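# Notes for the structure review
One-letter residues, chain by chain:
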Amino acid sequence: EPALIFDLGGKFDKSFNEAAHNGASRWAEETGGTYREIEMQSEAQREQALRRFAEAGSNPIITMGFGMADPLAAVAADYPDTTFVVVDVTWLDAPNLRQVGFAEHEGSYLVGMMAAMASKTGTVGFIGGMDVPLIRHFGCGYAQGAKAVNPDINVVANMTGTTPAAWNDPVKGSELTKAQISQGADVVYAAAGGTGVGVLQTAADEGILSIGVDSNQNHLHPGKVLTSMLKRVDVAVYEAMKAGEDVETGVFVMGLSEDGVGYAMDENNAPLVSDDMKAAVDKARQDIIDGNVSVVSYYENDSCPALQF
Amino acid sequence: MEFFVTLIQVLDSTVRLATPLLLACLAGLYSERAGIFDIGLEGKMLMAAFFSAAIAAVTGSVWLGLLAGIGASLVLSALHGLASITFRGNQLISGVAINFLASGMTVLIAQSWFQQGGRTPSLFGGGRFEPINFPFAEALEGVPFIGPIYSELLSGHSILVYVAFLFVPLTWWILFRTRFGLRLRAVGENPAAVDTAGVSVVGLRFAAVAICGILCGIAGAYLATALQAGFVKEMTAGRGFIALAALIFAKWRPWHAMWACLLFGLLQAIALRFQNIDLGGVVIPVQVMDALPYILTVVILAGFVGKAIPPRAGGEPYVKER
Amino acid sequence: MTVPAIELKGISKAFGPVQANKDISISVAPGTIHGIIGENGAGKSTLMSILYGFYKADKGEIWINGSKTDIPDSQAAIASGIGMVFQHFKLVENFSVLENIVLGAEDGGLLAPSLAKARKELKELEEEYELFVDPDKRIDEIGVGMQQRVEILKALYRKAEILILDEPTGVLTPAEADQLFRILDRLRSEGKTIIVITHKLREIMENTDTVSVMRRGEMTATVKTAETNPQELAELMVGRKVLLQVDKVPAQPGKPVLEIEKLSVTDSAGVERVKGIDLTVRAGEIVGIAGVAGNGQSELLEVLGGMRPGQGSIRLNGEPLPLHGPGSDGQARRAQHIAHVPEDRQREGLIMDFYAWENVAFGYHRDPAYKRGLFMDNAALRADTEAKIEKFDVRPPNGWLTAKSFSGGNQQKIVVAREIERNPDLLLVGQPTRGVDIGAIEFIHKQIVALRDQGKAILLVSVELEEIFSLSDRIAVMFDGHIMGERLPAETDEKELGLLMAGVAGEAA
Amino acid sequence: MEKMPKWADVVLIPIISLLLATILSAIVILAIGENPVEAVNLMVTGALGSTYGWGYTLYYATNFIFTGLAVAVAFHARLFNIGGEGQAMLGGLGVAIVCLSVPWPHWTIALLAACAASMIFGAAWAAIPAYLQAKRGSHIVITTIMFNFIAAAFLNYMLVNVMRPQGSQDPATARFPEAVHLPTFQSMFSSAENIVFRGAPANISFFVAILACIVVWALIWRTRLGYEIRAYGHSETGAVYAGISPVRITIIAMLISGALAGMMAINNVMGEAERLVLNSTEGAGFIGIAVALMGRSHPFGVFLAAILFGFLYQGGAELALWTSIPRELIVVIQALVILFTGALDNMVRMPLEKIFLSFRKGAE
Ligand SMILES: Nc1ncnc2c1ncn2[C@@H]1O[C@H](COP(=O)(O)OP(=O)(O)OP(=O)(O)O)[C@@H](O)[C@H]1O
Ligand SMILES: Nc1ncnc2c1ncn2[C@@H]1O[C@H](COP(=O)(O)OP(=O)(O)OP(=O)(O)O)[C@@H](O)[C@H]1O
Ligand SMILES: [Mg+2]
Ligand SMILES: [Mg+2]
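Since the structure is predicted, the reported quantities are computational estimates derived from the model, not experimental observations. (Residues numbered from 1 in each chain as written. Chains lettered and ligands numbered in written order. Predicted model: local features only at pLDDT ≥ 70, side-chain atom pairs only at ≥ 80, totals over all residues. Heavy atoms only, no water.)

### Looking at unusual backbone geometry
Looking along the chain, the bond that leaves Asn59 of chain A and enters Pro60 of chain A is cis, with omega of -5°. Inspection of the secondary structure puts Pro60 of chain A in the loop between α2 (46–55) and β3 (61–64). With omega at -5°, the peptide bond leading from Arg395 of chain C into Pro396 of chain C counts as cis. Position of Pro396 of chain C relative to the elements: it lies in the loop between α13 (378–392) and α14 (408–420). Here Trp252 of chain B, not a glycine, exhibits a phi torsion of approximately 65°, which is positive. Mapping Trp252 of chain B onto the fold places it in the loop between α11 (239–249) and α12 (254–273). (Helix = DSSP H or I, 4+ residues; strand = E, 2+ residues; numbered from the N terminus.)

Here it is as structure tokens:
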């Protein structure tokens, strides 16, 4: 029986964790299987939860977020017969670990292009969650995409906080959005988990466009969300559950070519995205896959050519 | 000019953030003026936030939500009254219990009701308080200075913001110009005097605690249905305690309470809007800004702004027979 | 016969295990002044509070003007025309006089009209009864005598026909007391009925028409004042023959033990309570300080006992003692051989929830005799306690009872035993017999005199003039923080002291 | 005269209060559509049904003993220390600094140093509210709550900006070196063929906690300082009369209280996580209030109540793991316990006193 450990923010954050939840539910529906799950309430519980599930014989144990890296490093070796899966971690060294990363910068590049094309003011915003390299990685791809469309575009970027609480702070998301609007932004991209709910809400209230993240968030405010940067966490979880105990270990990075990231189109945002926009973005996607365009990764550079944090 | 725009934005946000503080602070004012200390403001607000959002989500009517929030807060008020007035228990301990009760119950009920990890569904349309735009707000927007002040800062808030600020003069009037106010103040100073004057101490105190509940209810509803669009767990985030500090800062006076809450609102607005603040080379880390309202509270309590003397009978149950 | 204004039938009231009133019946004729006397704790206040609806009786009936009346709360009492001035005033200190009078008797939801009307009526009442007060002063700005007027005006404003006064003269100077009784006389002549509780037999004899005596929760007698005398009343009160004087040999004062010079004390609110007094207490004498409560006597004792800081100088056996900072707290005073029987044994002298044996160390708990290694030597303490209980005849003789389970007199014995047995150079004593029965009073007085006879210095503070007269070898009178004069008991009388207590200066001592 | 025998006060009333809290909790569980009997079953097997469960129960209990003692000592001086949470956080900081900055040769020495550091840091965090209460009369309840928030912000700053290892995304310190890892129950009580407490975090700190109970008991009931603390707690005017300085006692009692709360860190930071993370206290500081109230501020009572809450905590975690009942159920139970044993104490006491009084009247 597999187990799934959500990160702080909870499985209904409409974003990262909810994607995992969706993947797991899909697996359960398709196979009729059951799985155990738990939402973290605080940092201190991570290790306990891992051990509890391992003791109870769950396999594989799928965990969400980079916060699990350190606990996994401590726990995995104690349970060599259990396979652990971790999303958003790619740097650990353990034989019974499947590490899944995503090329978020590539997906963010595409939605950055769309933001620039939809913007009338020449200013677009980025609101990150917790200020960590991962989120800068998102922002950096986004800024590059926007600048590719309009080299003069102004990208305003803010982070919500420095701790995991930043994943779940809609009030602050809302205030930051208002601040960015006053600086002229008319499209904002929220890469902030549950905080994004506040960003999208305020953008809709104030009549500007927003861009969701991780899950498809277009439906939250139909006609007000330009698109969502999809990060197929659901696929990663689904596949890990499907493979079961024999899930392959190692490091896996999913980019545009693997359909690990992308942008969301559905009836909710169809009126917002013109055929021209779509054509331009699809072309860029193909160029990236073909290697004609390269998006700089913040991870590899530790700095961003298009955006100052 | 850009500074002016930012200023208006920050002040606008100050008004929004000060509103729940002000409502809670006035709530505490009624209760403490009647001699019942209430550190359960936080819990009452939280409970109200949840029930207002839940009912608004289910019925689609924010007004029903508001009523539900007030009702939920009143239930906790009644509990506090029962413990501290009827059974003459320790008011601080009762407040602590109420805070825990709210913090646990909201998540528990939310989870069993909506299965969304302790939140309510997002509110939209009639489920939320919409901003009220003053007449000519749009037309005046372009006018320098006056325009932004009128149409950004004063206009465009939810009705509860205006209600909260109207409660300031109203509270002053009730307290100092009516019979009820005279008795309320007296019962917080010397309940035996009220009792021997032929007025029910228990009745007055329950009335004060009930008003406190109503105002906390509005504060909670404001958080969940006006400031935000739905309930998330622990969404009051210590506002009840800051309201108490504001109350002490204000020395239990309505107008001063308003200024104190605006000050705390301003601090929160600044902390929300700016990250690390660079003051000519010295960078103030964001954590300092986050902690500033709390630090300021301690400074105020330390009496650096003059000694605050609470209502004399505050915190003590009225005991006739030992 | 006329219908009684008040008739109480079979009133009983218990506070937990304490039976404060037992089956009490009493009847008061209209247009008379009725006195009630009794020792502390006899249940006088309780009975009157029941009549005023403050407490609810467990049993019994109340009849007003011939009809049975239910008085569940004070509102009902007020409606029946009863007004009460409590022993401890029930005023809101930071309200004005006018607000206090209006509170609970407003004429509608808004304050302004009520206050205007009250101001007008107050003026009329003031003139009618010569009860002058400034309606706009705050209660904490006026003196106790004035506060009492406010309480009386409160009752009159509510159209009281029956007025109860609980120990109204305890806080008054003799002159003020006289004025009060003149006012009561006038009220009586208007047909109002008045009940006065007091300890002072003289007041009863001079002012009342009838008098009731209470003892231990029971009503022992009701008699016409004209047909009784003080000795009889005292015996009814206590239940046996009373000895009103303490036997003692004349004092043999030795060298000065305590010398006080220009001592001033400011209380926590910043008010100066003791205003530069000089006083000397010699070995082998008892100096009594007389005065109406609240004239700085308490603060004087507290400074000497190390409970609050002061200014000026004090010397003990010639050695200067610090008045603030290190060396001025209670521990230091004990080390300096000053013992202190405090005015309020329950709030100060004892920890009511501690066992008797723990209380026997209270204040002396750092004494090396009670120490064993890192810990307290509880065995030594308990042995010491047994000895003291035996010597002072504390009842019940059980060190394992908490202080609150002893009666007032036995609590006081524990305190006195602890302090006297220390064999101090100077003993400070505040209100040693408040709330203590005659038997224990005699015992405690004897102990104090015995200490004097061993050549120790004793400073006594008491608001009971009788106690001052019977114990002191020299009397100093305090008024408003000053010592108004010193007298020898044999060369003065209550009248002269009363004038001094009222601040009317005699020749300097 | 006592209204009631002492045993009724220390045993009967807490038991009745607890019973009422239990009944209401059961109603709450029913109301959210779960079966209370099953829930209790799950909690009991999860928390007490195996050495593994006990390992967690006792681990949590260790935390609660420290915070419960902290609240209890302050209660004796009639101070309401709600700041256990913040003090424990700072204790964690002290432990982390000690464990990371010195190459300790052996865990025993490290444990002593960590105890000292956690006590000093915890006491320091209690010192300012204590001073303000003693000298300026600032209400300690509110200042300690504020200091909880400030502690969280301070820890946040330390972990994010100062102590986070290079390149780590997590706001947490590095792992402590192997040498300072404390022996767990697993390593202490397992034999080669029979492994007990496998994977459970209970560790040697539990015995330190028991030692702390004994020391606090001796301090409060056998020393002169304890005498003064109790005397001050019963009557401030009495303390002044006896020459016991209220300022001194307030500050000393709060320092001891803060030190005890801080000591919790040797269990959760040094013994369990072996690094310092955000929110490492997980609300144990607040549970200390319920524990002290339940335990009538007596170390032995605190010990029993801490075990009870350890059981609730572990049982609650099991519920969250295997059912859809959220962990917050424990917060509700905790609230009910505080409500009934603390605020509504008189609701149970007054009728009981009446009953005892009528018994006595009947006997006379
Ligand atoms: N509110 C109360 N609760 C409990 N016991 C009380 C209360 N009031 C009075 N008592 C007790 O009832 C008894 C009678 O008290 P009461 O105050 O009526 O006496 P009193 O005759 O007025 O004495 P005093 O002369 O000291 O005023 C005393 O033993 C007292 O301790
Ligand atoms: N307020 C109170 N609460 C509890 N018990 C009380 C209270 N007042 C008095 N008692 C108890 O009632 C009993 C009688 O007390 P009281 O002070 O009236 O005694 P007493 O008859 O006046 O004796 P003594 O002559 O020694 O003063 C004592 O056992 C005392 O402990
Ligand atoms: Mg009396
Ligand atoms: Mg007595």
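Additional details are given in the paragraphs that follow.
### Side note on the interface of chain A and chain D
Chain A puts 30 residues into the contact, and the matching count from chain D is 29 residues. Across the chain A to chain D interface the summed buried area is about 2,500 Å²; carbon plus sulfur atoms make up 49%. On the surface where chain A and chain D come into contact, there are five salt bridges. Among the ionic pairs, Arg175 of chain D bridges to Asp70 of chain A, the shortest N-O distance being 3.1 Å. Our enumeration of links across chain A and chain D arrives at seven residue pairs in polar contact (both at pLDDT 80 or more). The set of elements that each furnish at least two residues to the side of chain A that touches chain D consists of β2 (36–39), α2, α3 (69–75) and α5 (133–149) of chain A. In terms of residue count, α2 of chain A provides more of the side of chain A that touches chain D than any other element does, six residues in total. (Contact = heavy atoms within 4.5 Å. Buried area = accessible area lost by both parts, 1.4 Å probe. Salt bridge = Lys/Arg side-chain N within 4 Å of Asp/Glu carboxyl O. Polar contact = N/O pair within 3.5 Å; in protein donor to acceptor, adjacent residues only side chain to side chain.)

### Observations concerning the coordination of the magnesium ion (ligand 3)
All names here are of chain C. Within the protein, the magnesium ion (ligand 3) binds to Ser45 (OG) and Gln87 (OE1); these donor distances fall in the range 1.8 to 2.4 Å. One end of the pair, Ser45, is in helix α1 (residues 44–51); the other, Gln87, is in the loop between β6 (82–85) and α3 (97–102), with 42 residues separating them in the sequence. Note on Ser45: relative accessible area 23%, which makes it partly exposed. For Gln87, a relative accessible area of 32% puts it in the partly exposed group. (Donors = N, O, S within 2.8 Å, 3.2 Å for Na, K, Ca; no water. Buried < 20%, exposed > 50% of the residue type's maximum accessible area, 1.4 Å probe, protein only.)

### A few points about the sheet that holds strand β11 (residues 250–254) of chain A
Residue and element names in this part refer to chain A. Strand order in the open sheet made by the six strands is β2-β1-β3-β4-β5-β11, with parallel pairing throughout. Two strands bound the open sheet, and with one partner strand each, they are β2 and β11. This sheet shows a mean twist of 15° between the axes of neighbouring strands, independent of strand direction. Pairing between strand β1 (residues 3–6) and β2: four bridges, direction parallel. Within β2, the position partnered with Leu4 by the bridge is Glu37. (Pairing = 2+ DSSP bridges. Axes fitted to C-alpha atoms, helices over the stretch in contact; angles between N-to-C directions.)

### Comments concerning the UniProt feature "transmembrane region" (unreviewed entry) in chain B
Feature annotation in UniProt assigns "transmembrane region" (unreviewed entry) to the following positions: residues 47–80, 92–114, 159–176, 197–224, 257–276 and 282–305 of chain B. Helix makes up 100% of residues 92–114 of chain B and strand 0%, whereas the separation of the span's terminal C-alpha atoms amounts to 33 Å. (UniProt positions renumbered as here; feature names shortened; annotations may be inferred.)

### Observations regarding the sheet that holds strand β10 (residues 225–231) of chain A
All names here are of chain A. The six strands lie next to each other as β7-β6-β8-β9-β10-β12, forming an open sheet whose pairing is mixed. Unpaired on one side and paired on the other, β7 (154–161) and β12 (261–263) mark the two borders of the sheet. When the angles between neighbouring strand axes are averaged without regard to direction, this sheet yields 15°. Two strands pair when backbone bridges link them, and strand β6 (residues 123–130) and strand β8 (residues 187–191) are joined in this way by four bridges, in the parallel orientation. Opposite Phe126, over in β8, you have Tyr189 as the bridge partner.

### Some details on the interface of chain D and chain B
Taken residue by residue, the interface counts 42 residues in chain D and 42 residues in chain B. Both sides together, the interface formed by chain D and chain B hides about 3,600 Å², and carbon and sulfur atoms give 81% of it. Residues Glu328 of chain D and Lys233 of chain B are paired through a salt bridge, measuring 3.7 Å at the closest nitrogen-oxygen approach. Here chain D is connected to chain B by five residue pairs in polar contact (both at pLDDT 80 or more). Those elements giving two or more residues to the side of chain D that touches chain B turn out to be α5 (107–136), α6 (140–162), α12 (284–294), α14 (328–343) and α15 (345–363) of chain D. Sort the elements by how many residues they give to the side of chain D that touches chain B and α6 of chain D lands first, with 13 residues.

### Describing the environment of Lys371 of chain C
Residue placement: Lys371 of chain C occurs in strand β17 (residues 371–372). Through-space distance from the C-alpha of Lys371 of chain C to that of Leu381 of chain C is 9.4 Å; in sequence the pair is ten residues apart. Once residues lying within four places of it in the same chain are set aside, the contact partners of Lys371 of chain C are Asp377 of chain C together with Arg224 of chain D.

### Focus: the packing of aromatic side chains
Within this structure, the stated rule accounts for 43 aromatic pairs over all chains. On the basis of an interplanar angle of 10° and a centroid distance of 6.1 Å, the ring pair of Trp125 of chain D and Phe154 of chain D is categorised as stacked. You can see Trp125 of chain D sitting in helix α5 and its partner Phe154 of chain D sitting in helix α6, a full 29 residues away along the chain. You can call Phe154 of chain D partly exposed: its relative accessible area is 33%. Here Phe206 of chain D and Phe207 of chain D contribute two aromatic rings whose centre-to-centre distance is 5.5 Å and whose plane-to-plane angle is 75°, an arrangement assigned as edge-to-face. Taking relative accessible area as the criterion, Phe206 of chain D reaches 8% and is therefore assigned buried. For the cation-ring pair, Lys9 of chain C lies above Trp63 of chain C, with the distance from its terminal atom to the ring centre recorded as 4.0 Å. (Phe/Tyr/Trp six-rings, centres within 6.5 Å; stacked < 30°, edge-to-face > 60°. Lys NZ or Arg CZ within 6 Å of the ring centre and 35° of its normal.)

### A look at the site of ligand 1
In the region of ligand 1, 18 residues are neighbours, and Lys320 of chain B together with Gly41, Lys44, Ser45 and Thr46 of chain C sit closest. Close to ligand 1, residues of chains B and C are found. Thr46 of chain C is positioned with one of its side-chain polar atoms (N or O) 2.4 Å from an oxygen atom of ligand 1. Protein contact buries 79% of the 630 Å² of open area that ligand 1 shows by itself. Counting residues per element, the ones that place at least two in the shell around ligand 1 are β2 (18–28) and α1 of chain C. Ranked by residues supplied to the shell around ligand 1, first place goes to α1 of chain C with three residues. (Near = heavy atom within 4 Å. Areas by Shrake-Rupley, 256 points an atom, 1.4 Å probe, with all protein chains shown as cover.)

### Points about the side chain of Glu85 of chain D
Residue and element names in this part refer to chain D. Looking at where Glu85 falls in the secondary structure, it is placed in helix α4 (residues 84–101). Of the side chains with opposite charge, Arg327 lies nearest to the buried Glu85, which makes no salt bridge, at 12 Å. From its side chain, Glu85 meets the backbone nitrogen of Ala284 in a polar contact 3.4 Å long. Discounting residues that sit within four places of it in the chain, Glu85 has contacts with Asn148, Thr281, Glu282, Gly283, Ala284, Gly285 and Phe286. (Lys, Arg positive; Asp, Glu negative; His and termini not counted.)

### Some thoughts on the nonpolar core
Grouped together as the largest cluster of nonpolar side chains are 356 residues, with contacts concentrated most on Leu51 and Leu184 of chain C. In terms of residue count, the dominant contributor to this core is helix α3 (residues 51–76) of chain D (15 residues). There are two domains that each give this core at least three residues, and those are domain 1 (6–238) and domain 2 (256–345 + 409–501) of chain C. Ignoring any residue separated from it by four or fewer positions in sequence, one finds Leu184 of chain C in contact with Ile33, Leu163, Leu165, Ile194 and Val196 of chain C. (Core = buried A, V, L, I, M, F, W, Y, C linked by side-chain atoms within 4.5 Å. Domains from an automatic or database assignment.)

### Topic: empty space enclosed by the protein
Residues and elements named next belong to chain A. Scanning the entire structure with this criterion turns up eleven cavities of 30 Å³ or more. Size it by volume and the second largest cavity reaches roughly 190 Å³. Lining the second largest cavity we find 19 residues, and of these Phe16, Asp88, Leu134, Trp167 and Asp214 sit closest to its centre. Where the lining of the second largest cavity is concerned, the elements lending two or more residues are α1 (16–31), α5 and β9 (209–214). Per-element tally for the lining of the second largest cavity: the top contributor is α5, with three residues. Here the residues of the lining of the second largest cavity sort into ten nonpolar, four polar and five charged. (1 Å grid on protein atoms, 1.4 Å probe; cavity = no way out; pocket = protein on both sides within 12 Å on 5 of 7 lines; lining within 4 Å. Points joined across faces, edges and corners; volume = space filled by probe spheres on them. Nonpolar A, V, L, I, M, F, W, Y, C, P; charged D, E, K, R; others polar.)

### Some points on helix α2 (residues 41–59) of chain B
Helix length check: α2 of chain B (19 residues) gives 26 Å between terminal C-alpha atoms against 27 Å at 1.5 Å per residue, within 8%. Among the 19 residues of α2 of chain B, 14 are classified as buried, and the element is accordingly described as predominantly covered. (Expected span 1.5 Å × (residues − 1).)

### Remarks on the pairing of β6 of chain C
All names here are of chain C. Alternating residues of β6 divide into Ile82 and Met84 and Gly83 and Val85, and every residue in both groups is buried. Bridge count for β6 against strand β7 (residues 162–166) is four bridges, and the pairing is parallel. Looking at the pairing, Ile82 lines up with Ile162 of β7.

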